[in-house]
Amino acid sequence: MLPWSAELAGRLDHHVVDSSLLRGNPLGDPHERPLMVYVPPGYDSEPDRRYPALYVLLGYTGHVAMWMNRTPFRQPYPELADAMFAAGDAPPAIVVYVDAWTALGGSQYLDSPGTGRYHTYLRDEIVPYVDEHYRTIPDRDHRAITGKSSGGYGAMVTAMLAPDVFGALATHAGDALFDVSYRPGFPALARRLRDMYDGSYETFLRDFRGRVAGTKQGDLELLEAYGYAAAYSAEPDGAVRVPFDHTGAVVPKVWQRWIDRDPVTMAAQPQYAEALRSMRAIWVDAGSRDEYFLDLGAVAFRQAILAAGVPEERIFFELFDAGHGGIEYRYPLALAWLARRLT
């Protein structure tokens, strides 16, 4: 009963996937991972029908249980998506809610010696698991990947890294244009490390892990930058290299490794441009007041995919009046758009 809960017209299944790829990961994070799979109305009564699959990635610090969080005057995303399918606003599809959380808040959905093999886990374990247990249409032309913020980043790079698995993507304010969205924050981080932790990330992490998270100013910002470094610029032995020094200036060799993972940069490389041209549909949006300037990242990514040769008719692009948070109401719009193109 609303506002406390809503009865679904479809069904939301909860699984635990035992990942061999995440076993023994560098952070000691669990290798058993929750997975939520939604099937639309009619799935159980039409046993011969197969469905496209839409994969949903969470932003930084997100894990799948958070999809059911209820905020005032709003319903959680799974309920909004269910209502859309129940109303017939989109062709029915299977929706897969993926977990790639780490002790540093996230993995950026990449393989890294600093966090673990999260890209391969998604590609080689989660997708086959879903295809085995549900009546998907098991090919890339009927499979899309979506997400917001770090999840939007994951959608962009996963589509470029695995075009044989995913044939469409949607990114909502996804991390991109790192020179604009990440780099300006480095001096403030360096100052905070200096003033609170003797300039040492090791001191910060030791302090952070020994108390309630979020009880000191700058906790999330410091952890987020370190988590990104663990994904983008860890050494083969797992050592994490941050891209700025004690003055807040970039360390060029480390920063270049971040830039190499910027979706805008990747889209200009021949192999990734080819992957993007193969996409059946690409949705790009962001709030025009995004606090991290990811609206500018969205503009840059759209320009990059057009330059890569993606036909304009395959792209949806919009900037709308909003900041970075609270745009979950947009997600079903992208799901509907993608479902129509993958059916």
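Residues numbered from 1 in each chain as written. Predicted model: local features only at pLDDT ≥ 70, side-chain atom pairs only at ≥ 80, totals over all residues. Heavy atoms only, no water.

Considerations on the sheet that holds strand β2 (residues 32-39)
1) Next: Strand order in the open sheet formed by 8 strands is β1-β2-β4-β3-β7-β8-β9-β10, and the pairing between neighbours is mixed. Single-partner strands in this sheet number two, and they are β1 (11-18) and β10 (315-320). This sheet shows a mean twist of 15 degrees between the axes of neighbouring strands, independent of strand direction.
2) Next: In the sheet, strand β8 (residues 168-172) pairs with strand β9 (residues 281-287) via 5 bridges, with the strands oriented parallel. If you follow Thr171 over to β9, its bridge partner there is Val284.
3) Next: Relative to strand β7 (residues 143-148), helix α3 (residues 150-161) is tilted by about 150 degrees, and along the sheet it contacts β3 (53-57), β7 and β8. (Pairing = 2+ DSSP bridges. Helix = DSSP H or I, 4+ residues; strand = E, 2+ residues; numbered from the N terminus. Axes fitted to C-alpha atoms, helices over the stretch in contact; angles between N-to-C directions. Contact = heavy atoms within 4.5 Å.)

What about the environment of Phe178?
1) Next: In this structure, Phe178 sits in helix α4 (residues 178-181).
2) Next: Once the C-alpha coordinates of Phe178 and Pro26 are considered, the two residues, 152 residues apart in sequence, prove to be 26 Å apart.
3) Next: Apart from the residues within four sequence positions on either side, Phe178 is in contact with Tyr153, Arg183, Tyr232, Trp255, Trp258, Ile259, Arg261, Asp262 and Pro263.

Brief notes about the packing of aromatic side chains
1) Next: A full pass over the atoms with the stated rule returns 33 aromatic pairs.
2) Next: Aromatic side chains Phe186 and Trp255 sit 5.4 Å apart centroid to centroid with 90 degrees between the ring planes, which places their arrangement in the edge-to-face category. Residue Phe186 is located in helix α5 (residues 186-197), and its partner Trp255 is located in helix α8 (residues 252-260); the two are separated by 69 residues in the primary sequence. Take Phe186 and Trp255: they sit in the same class, and that class is buried.
3) Next: An aromatic cluster is defined as three or more aromatic residues linked by ring pairs; in this entry it consists of Tyr60, Tyr153, Phe178, Tyr182, Phe186, Tyr228, Tyr232, Phe244, Trp255 and Trp258. (Phe/Tyr/Trp six-rings, centres within 6.5 Å; stacked < 30°, edge-to-face > 60°. Buried < 20%, exposed > 50% of the residue type's maximum accessible area, 1.4 Å probe, protein only.)

Description of helix α10 (residues 270-277)
1) Next: Within α10, burial applies to Tyr272, Ala273, Ala275 and Leu276. For α10, the angular spread of the buried residues around the axis is 160 degrees, confining them to a single face. Projecting away from the buried face of α10 at angles above 90 degrees are the exposed residues Pro270 and Glu274.
2) Next: Buried residues along α10 sit against α3, β8, α9 (263-267), β9 and α11 (294-307). (Arc of directions from axis to C-beta.)

Distances and angles like these do not, on their own, reveal function.
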